[in-house]
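Results of the structural survey
The residues making up each chain are set out below.
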Protein chains: 2
Amino acid sequence: MRICDVPTPALILDRQRLRSNVKRMADRAKELGVALRPHVKTAKCAEVTKLATEGQAGGICVSTLKEANYFFEQGFTDMILGVGIVPAKLASVDVLQSRGAHVRVILDNPETARMIAEKVTELSTVLDVMIEIDSGGRRGGVQWSSPSLIEIGRIIDSSTGLNLVGVLSHAGHSYLCKTEAELIAVAEQERFSVASAAEQLREAGLPCPIVSVGATPTALFAEHLKDITEMRPGVYTLFDVTQSALGCCSIDDIAVSVLASIIGHGSADSYALVDAGALALSQDRSAEHFSEGAGYGIVFDEQGKKRCHDVNVSNVNQEHGFLRSRSKHLPYSELAIGSRMRIFPNHSCMTAAPYDKYYVVDGSDQIVAVWDKLTGW
Amino acid sequence: MRICDVPTPALILDRQRLRSNVKRMADRAKELGVALRPHVKTAKCAEVTKLATEGQAGGICVSTLKEANYFFEQGFTDMILGVGIVPAKLASVDVLQSRGAHVRVILDNPETARMIAEKVTELSTVLDVMIEIDSGGRRGGVQWSSPSLIEIGRIIDSSTGLNLVGVLSHAGHSYLCKTEAELIAVAEQERFSVASAAEQLREAGLPCPIVSVGATPTALFAEHLKDITEMRPGVYTLFDVTQSALGCCSIDDIAVSVLASIIGHGSADSYALVDAGALALSQDRSAEHFSEGAGYGIVFDEQGKKRCHDVNVSNVNQEHGFLRSRSKHLPYSELAIGSRMRIFPNHSCMTAAPYDKYYVVDGSDQIVAVWDKLTGW
C-alpha cells in the first residue's frame with residue numbers, strides 16, 4: 001500500500017520524524033536529570049508510546065479511564081491519571097489496579113481528598129494520590145502557597161487507604177508565550193511552583209517523593225529542573241503548527257498530517273474544497289494566536305514534502321475544508337480536483353483524537369504499518 | 001442503570017425529545033409535500049435513523065463512505081453520499097452497490113464528471129449522479145445559471161455507466177440568519193436555485209427527476225417547496241443551542257447532552273472544572289454568532305431538567321471544561337465537586353461525533369437503552 005492508496009480523510013504518521021522527536025525529548029530529559037513520563041493523550045497509540053518510552057522507566061500519563069484501560073491492555077502498568085479524580089471513577093481504577101496496574105490519581109482540593117478517603121475504604125487496593133499544583137495556568141491545581149495544600153496533604157496522609165506520593169503541575173499557559181524569554185519564565189514558574197509545594201509538604205512532615213512538571217514547551221525551554229523528579233510532555237511526539245509557532249519544533253518535525261482529497265473548486269475560483277473538515281482536522285484555531293488568518297492547518301503536497309505556497313485551511317464545515325491562499329492567488333495547478341494534499345494540523349492532540357488508526361510512512365511513499373489508536377471515552 | 005451510574009463524560013439521548021423532533025419534521029415534510037430523506041451525519045446512529053425514517057420512503061443522506069457502509073450494514077440501502085465524489089472513492093461505492101445498496105453520488109464540476117465517466121467503465125454497477133447546486137452558501141455547488149450546469153449534465157447523461165438523476169443543494173448559510181425574514185428568504189433562495197437548475201437541465205433535454213433541498217432551518221421556515229421532491233435536514237433529530245438561537249427549536253427540544261462531572265473549583269472561585277472539554281464537547285462556538293460569550297454549551301442539572309442559572313462552558317482544554325456564570329456569581333451550591341451536570345451543546349453534529357454510544361433516557365432517570373453509534377472515517 002502506498003500513500004496514493006489510502007482512503008481520505010486519513011492520518012499519516014511519519015515514523016522518522018516520530019523517532020527523531022522522541023529521541024530529542026529523551027535526550028532532553030537526560031540532560032535535565034529527570035525521568036520522562038510521556039503524556040499519551042496526544043497520540044493515543046500503543047506503538048507511539050512504545051517508542052516514546054524506549055529506554056525510559058516506562059511510566060506514562062493518561063487523561064481518561066479509557067486511555068488507562070487501553071494502555072494497560074497494551075502492557076503499560078505504571079500511570080498517572082492526569083485529570084482530577086472524582087469518587088465515581090475509583091471503582092474502575094480499583095479494577096485496573098487489581099489486575100496489576102499502578103494508577104496514581106490527582107486532586108487539588110480538600111473536598112475531593114475527603115470524599116476519596118471515604119470511598120477508598122470500599123476498594124480492594126491502596127491508592128496513590130498526587131496533589132495538582134496551579135503553576136499559573138489557572139486550570140486545575142492548588143497554589144503552592146495556599147494553606148489548602150497542607151490540608152489536602154494531611155487528609156491523604158492520614159487515610160490508611162491512600163498514599164501521598166507527590167505533586168504535579170501542567171503549565172498550559174506556556175502555549176500562549178510569544179518569546180523565548182516568556183517560555184523560559186513560564187518553565188521556571190512551573191518548576192518553582194511544584195518544587196515549592198513539595199518543600200511545603202515536607203516541612204509539614206508529609207511525604208512528597210514525586211515532583212512532576214509537564215508541558216512540551218516548558219520541557220524544551222527550562223533552563224534547569226532542580227528539585228524536579230519527572231516531566232510529562234505529550235505533544236512533542238507528533239508536534240504541530242502551534243508548537244512550531246512557539247519555537248518548539250520546525251514545520252519539518254511535525255510527524256502527523258491529514259491526507260485529504262480535493263473535491264471541488266469554489267465557483268469564484270477563490271478556494272478549493274477538501275474532504276477533511278471540522279471533524280477530520282478539528283476546530284482548533286490555536287495557531288491564530290501566533291498568526292492571524294492561520295486557520296485550521298497548512299497545506300503540503302501528497303508526499304508531505306513541499307508546502308503548497310501560502311495555502312492553508314481557512315474554514316471548516318463538518319466534512320468540508322476550505323483551502324485558500326493568504327496572498328489571494330490560489331495555485332490551482334497544484335490543487336487539481338481529485339488530487340490529494342497533506343494538511344499539517346494546528347494542534348495534533350485535537351486532530352488525531354477521532355481517528356482509529358495511523359497510516360505509517362518511513363521515508364518513502366510506502367505505508368510501512370497501520371497502527372491502531374484509541375478514540376472516545 | 002440510572003443516569004447517576006453512567007461514567008463521565010458521556011452522551012445522554014432523550015428519546016421523548018427525539019421522537020417529538022422526528023415527528024415534527026415528518027409532519028413538516030408532509031405539509032410541504034416533499035419526501036423526507038434525513039441526513040444521518042448528525043446522530044450517526046442506526047436507532048436514531050430508524051425513528052427518523054419511520055413512515056418515510058427510507059432513503060437517507062450520508063457524508064462519508066464509512067457512514068454509507070455502516071448504514072448499509074444496518075439495513076439502509078437507499079442513500080445519497082452528500083459530499084463531492086472523487087474517482088478514488090468509486091471502487092468502495094461499487095462494492096456497496098454490488099451488495100445491494102443504491103448510492104447516489106454528487107459532483108459540481110465538469111472535470112469530476114469527466115473523471116467519473118471514465119472511471120465508471122471499470123465498475124460493475126451503474127452509478128446515479130446528482131449535480132450539486134450552490135444556493136448561496138458558497139461551499140460546494142455550481143450556480144444554477146452557470147453554463148457549467150448543462151455541460152456537467154451532458155457529460156453525465158452521455159456516459160453509459162452514469163445516470164443523471166437530479167440536483168441538490170444545502171443552504172448552509174441559513175445557520176447564519178438572525179431573523180425569521182432572513183430564514184424565509186434563504187429557504188426560498190435554496191428552493192429557487194435547485195428548482196431553476198432542474199428547469200435548466202430539462203430545457204436542455206436532460207433528465208432531472210430528483211430536486212432536493214436540505215437544511216433544518218430552511219426545512220422549518222420555507223413558505224412552500226414548489227417544484228421540490230425531497231428535503232434532507234439532519235440536525236433536527238437532536239437539535240442544539242445554535243438551532244434554538246435560530247428559532248428552529250426551544251432549548252427543551254434539544255435531545256442530546258453531555259453528562260460531565262465537576263472535578264474542581266477555580267482557585268479564585270470564579271469557575272468550576274468538568275471532565276468534558278474540547279474533545280467531549282467539541283470546539284464549536286457557533287452559538288457565539290447569536291450571543292457573545294455563549295461559549296461551548298449551556299449547563300443544566302444532572303437530570304437535564306433545570307438550567308443552572310446562566311452558567312455556560314466558557315473555555316475548553318482537551319479533557320477539561322471551564323464553567324463560568326455570565327453574571328459572575330457562580331452558584332457553587334449547585335456545582336459541588338463530584339456532582340454531575342448536563343451540558344447542552346452548541347452544535348450536536350460536532351459534539352456527538354467522537355462518542356461511540358448514546359445512553360438513552362425516556363422521561364425518567366433510568367437508562368432505557370444504550371445505542372451504538374459510528375465514529376471516525
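Reference entry: report on the structure contained in this document. Per chain, residue numbering runs from 1 following the sequence as it is written. Lettering of chains starts at A and numbering of ligands starts at 1, both following the order in which they are written. Selection of residues for local features in this predicted model requires a pLDDT of at least 70, selection of side-chain atom pairs for listing and counting requires 80 or more, and totals for whole chains, interfaces and linings are taken over all residues. Remark: hydrogens and water are excluded; side-chain values derive from all non-hydrogen atoms of the structure.

**Details of the relation of the copies chain A and chain B**
Using the following cut-off: Our superposition of the copies is a least-squares fit, built on the C-alpha atoms of residues whose pLDDT is at least 70 in both. Residues are treated as being in contact if the distance between any of their heavy atoms lies within 4.5 Å.
Superposition record for chain A on chain B: RMSD 0.0 Å, screw rotation 180°, translation along axis 0.0 Å. Put plainly, the chains are arranged around a two-fold axis. A symmetric contact is evident, with 100% of the interface residues of chain A recurring at the interface of chain B.

**Things to note about the interface of chain A and chain B**
Note the threshold: Put simply, buried area is the surface a 1.4 Å probe can reach on two separate parts but cannot reach once they are joined, added for both. For this analysis, a salt bridge means a side-chain nitrogen from Lys or Arg found within 4 Å of a carboxyl oxygen belonging to Asp or Glu. Any pair of nitrogen or oxygen atoms within 3.5 Å is treated as a polar contact; in protein, a donor-acceptor pairing is required on top of that, and neighbouring residues in sequence qualify only through side-chain atoms on both sides. Put simply, DSSP marks the helices as runs of H or I at least four residues long and the strands as runs of E at least two long, and each gets a number from the N terminus on.
With 54 residues of chain A at the interface, the matching set in chain B holds 54 residues. Interface area, chain A with chain B, both sides summed: about 4400 Å², of which 56% is carbon and sulfur. Area buried by chain A at its contact with chain B is led by Arg139(A), Gln318(A) and Trp377(A), which between them contribute 19% of it. Counting the contacts that link chain A with chain B gives four salt bridges. At the junction of chain A and chain B, the tally comes to 16 residue pairs in polar contact (both at pLDDT 80 or more). Counting only elements with at least two residues in the side of chain A that touches chain B, the list comes to helix H3 (65–73), helix H5 (110–119), strand E10 (256–265), helix H10 (278–281) and helix H11 (348–352) of chain A.

**Notes on the packing of H5(A) against helix H6 (residues 147–157) of chain A**
Helices that pack against each other are described as a pair by the angle of their axes relative to one another and the distance between those axes. Residues and elements named next belong to chain A. As a reminder of what qualifies: Lines fitted to C-alpha atoms define the axes here, with helix axes fitted over just the stretch in contact, and angles between the N-to-C directions of these axes take values from 0 to 180 degrees. Oblique is the label for every angle not falling under 35 degrees (roughly parallel), over 145 degrees (roughly antiparallel), or within 65 to 115 degrees (roughly perpendicular). Amino acids outside the nonpolar list (Ala, Val, Leu, Ile, Met, Phe, Trp, Tyr, Cys, Pro) and the charged list (Asp, Glu, Lys, Arg) are all regarded as polar, and Gly is one of them.
In the contact formed by H5 and H6, the axes pass within 9 Å of each other and the chain directions differ by 0°. On the basis of the axis angle, H5 is roughly parallel to H6. In contact with Pro110, Ala113, Arg114 and Ala117 of H5, H6 contributes Ser148, Glu151, Ile152, Ile155 and Ile156. Residues belonging to the contact of H5 with H6 are distributed by class as follows: six nonpolar, one polar and two charged.

**Describing the pattern of salt bridges**
Threshold: Only protein chains enter the calculation, and the probe is 1.4 Å; a residue is then buried if its accessible area is under 20% of its type maximum, exposed if over 50%, and partly exposed in between.
Tallied over the full model, the rule gives 44 salt bridges over all chains. In this structure, the salt-bridge partner of Asp14(B) is Arg17(B), at a minimum N-O distance of 3.6 Å. Per residue, the accessibility class of Asp14(B) equals that of Arg17(B), and both read buried. Connected via shared salt-bridge partners are Arg37(A), Asp78(A), Arg104(A) and Glu230(A).

**Details of empty space enclosed by the protein**
Applicable threshold: Definitions used for this entry: grid spacing 1 Å over protein atoms alone; cavity, a set of points where a 1.4 Å probe fits but cannot get out; pocket, an open set with protein on both sides within 12 Å along at least 5 of 7 lines; lining residue, one with an atom within 4 Å of a point. Grid points are joined across faces, edges and corners, and a volume is the space filled by probe spheres set on the points.
Under the criterion given, the structure shown has six cavities of 30 Å³ or more. Its volume calculated, the largest cavity comes out at about 290 Å³. Lining the largest cavity are 22 residues, with Leu279(A), Met350(A), Pro354(A), Leu279(B) and Pro354(B) positioned closest to its centre. Broken down by secondary-structure element, the contributors of at least two residues to the lining of the largest cavity are H10 of chain A together with helix H10 (278–281) of chain B. Residue composition of the lining of the largest cavity, by class: 12 nonpolar, eight polar and two charged.

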